[in-house]
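The lines below spell out each chain.
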Amino acid sequence: MKRRISLTDQRIKEKDRAKPQRKKEKDPSAIKEREEVCRPVFFQYNTNLGPPYHILVDTNFINFSIKAKLDIVQSMMDCLYAKCVPCITDCVMAELEKLGQKYRVALRIAKDPTFERLPCTHAGTYADDCLVQRVTQHKCYIVATVDRDLKRRIRKIPGVPIMYISNHRFNIERMPDDYGAPRF
């Protein structure tokens, strides 16, 4: 027994075979909430990053290192397995000086000759803006901070790794595997 295909059955089959409709293309002028950069492209632009590492240190990073009883230079070298040069800007020094007697140990550590002093040419002494501006201009730095807002701002800049403190040791975020940074 052969079954006859009715006209409506043929139309239904033709609709099933019809070309799928295109999805609406996104407007390129629309604002993106968070731009993700894939790993190979992320480090394609940053060829300046390599040993010896120059690490921009934030005020709260020094304070948290003292609280965790970590030697800054030694812990950086343990984290990166390479020579590290901690750098401190004039704005960070001014911020440490403004904090007063409570943070005198942090100020003494920052004045240590192992820290490279970077002069600031801009007006004002807000350290976070200074660090973001310097990293945007020169992408040869790793930023050492514990501040969430500063981390959020620096993550938007491609090619800049962030060093932070967790579990009484230094860790690094967004570091290429090529340089041998440890993965936890």
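Rules used throughout
Residues numbered from 1 in each chain as written. Predicted model: local features only at pLDDT ≥ 70, side-chain atom pairs only at ≥ 80, totals over all residues. Heavy atoms only, no water. UniProt positions renumbered as here; feature names shortened; annotations may be inferred. Buried < 20%, exposed > 50% of the residue type's maximum accessible area, 1.4 Å probe, protein only. Helix = DSSP H or I, 4+ residues; strand = E, 2+ residues; numbered from the N terminus. Contact = heavy atoms within 4.5 Å. Core = buried A, V, L, I, M, F, W, Y, C linked by side-chain atoms within 4.5 Å. Pairing = 2+ DSSP bridges. Phe/Tyr/Trp six-rings, centres within 6.5 Å; stacked < 30°, edge-to-face > 60°. Lys NZ or Arg CZ within 6 Å of the ring centre and 35° of its normal. Axes fitted to C-alpha atoms, helices over the stretch in contact; angles between N-to-C directions. Parallel < 35°, antiparallel > 145°, perpendicular 65-115°, else oblique. Left-handed = near helix turned anticlockwise from the far one by under 90°. Nonpolar A, V, L, I, M, F, W, Y, C, P; charged D, E, K, R; others polar.

Per an unreviewed UniProt entry, the recorded name for the chain is PIN domain-containing protein, and the organism is Staurois parvus. For the chain, the Subcellular location (unreviewed entry) comment in UniProt is given as "Nucleus, Nucleolus". Regarding the chain, the relevant UniProt record gives this comment under Sequence similarities (unreviewed entry): "Belongs to the UTP23/FCF1 family. FCF1 subfamily."

Student: Teacher, can you tell me more about helix α7 (residues 127-137) here?
Tutor: An α-helix turns once every 3.6 residues. As a result, residues three or four positions apart point the same way. Taken as a whole, α7 has its buried residues at A127, D128, C130, L131, V132, R134 and V135. Buried residues belonging to α7 abut β1 (53-57), β2 (84-89), α5 (90-98), β3 (116-118), β4 (141-144) and α8 (148-155).

Student: Sorry, what's going on with the nonpolar core here?
Tutor: Burial of nonpolar side chains together is a common tendency in soluble globular proteins. Judged by nonpolar contacts, the single largest core of 46 residues is most densely connected at I55, M76 and M163. By residue number, the principal contributor to this core is α7, which donates 5 residues.

Student: Mind showing me how you'd approach the pairing of β2 here?
Tutor: Moving residue by residue along a regular strand, the side chains alternate between the two faces of the sheet. In terms of residue burial, β2 counts as a mostly covered element, since 6 of its 6 residues are buried. Burial along β2 is two-sided: the face carrying C84, P86 and I88 and the face carrying V85, C87 and T89 are both buried. Sheet topology note: the β1/β2 ladder contains 4 bridges and is parallel. Considered in β2, the bridge of Y53 is made with C84. Here β2 pairs with β3 via 3 bridges, running parallel. Note that in β3 the partner of T89 across the bridge is L118.

Student: Can you walk me through the packing of aromatic side chains in this structure?
Tutor: Two numbers describe a pair of aromatic rings. These are the distance of the centres and the angle of the planes. The full count for this structure, using the stated rule, is 1 aromatic pair. Ring plane angle 50° and centroid distance 4.8 Å describe the contact between F61 and F170, whose orientation is recorded as tilted. With F61 in helix α3 (residues 59-67) and F170 in strand β6 (residues 169-173), the pair connects residues that are 109 residues apart, well separated along the chain. With relative accessibility at 0%, the residue F61 sits in the buried group. The cationic tip of K67 hangs over the ring face of F64; the distance from NZ or CZ to the ring centre is 5.3 Å.

Student: What am I meant to see in the packing of α7 against α8 here?
Tutor: Packed helices, taken two at a time, are described by the angle their axes make and the gap between the axes. In contact at an axis separation of 10 Å, α7 and α8 are set at 20° when each is read in the N-to-C sense. Comparing the axis directions of α7 and α8 gives the class roughly parallel. As for the relative orientation of α7 and α8, their crossing is right-handed in sense. Here α7 contributes D128, D129, L131 and V132 to the contact with α8, which in turn contributes L150, R153 and I154. By residue class, the composition of the contact of α7 with α8 is 4 nonpolar, no polar and 3 charged.

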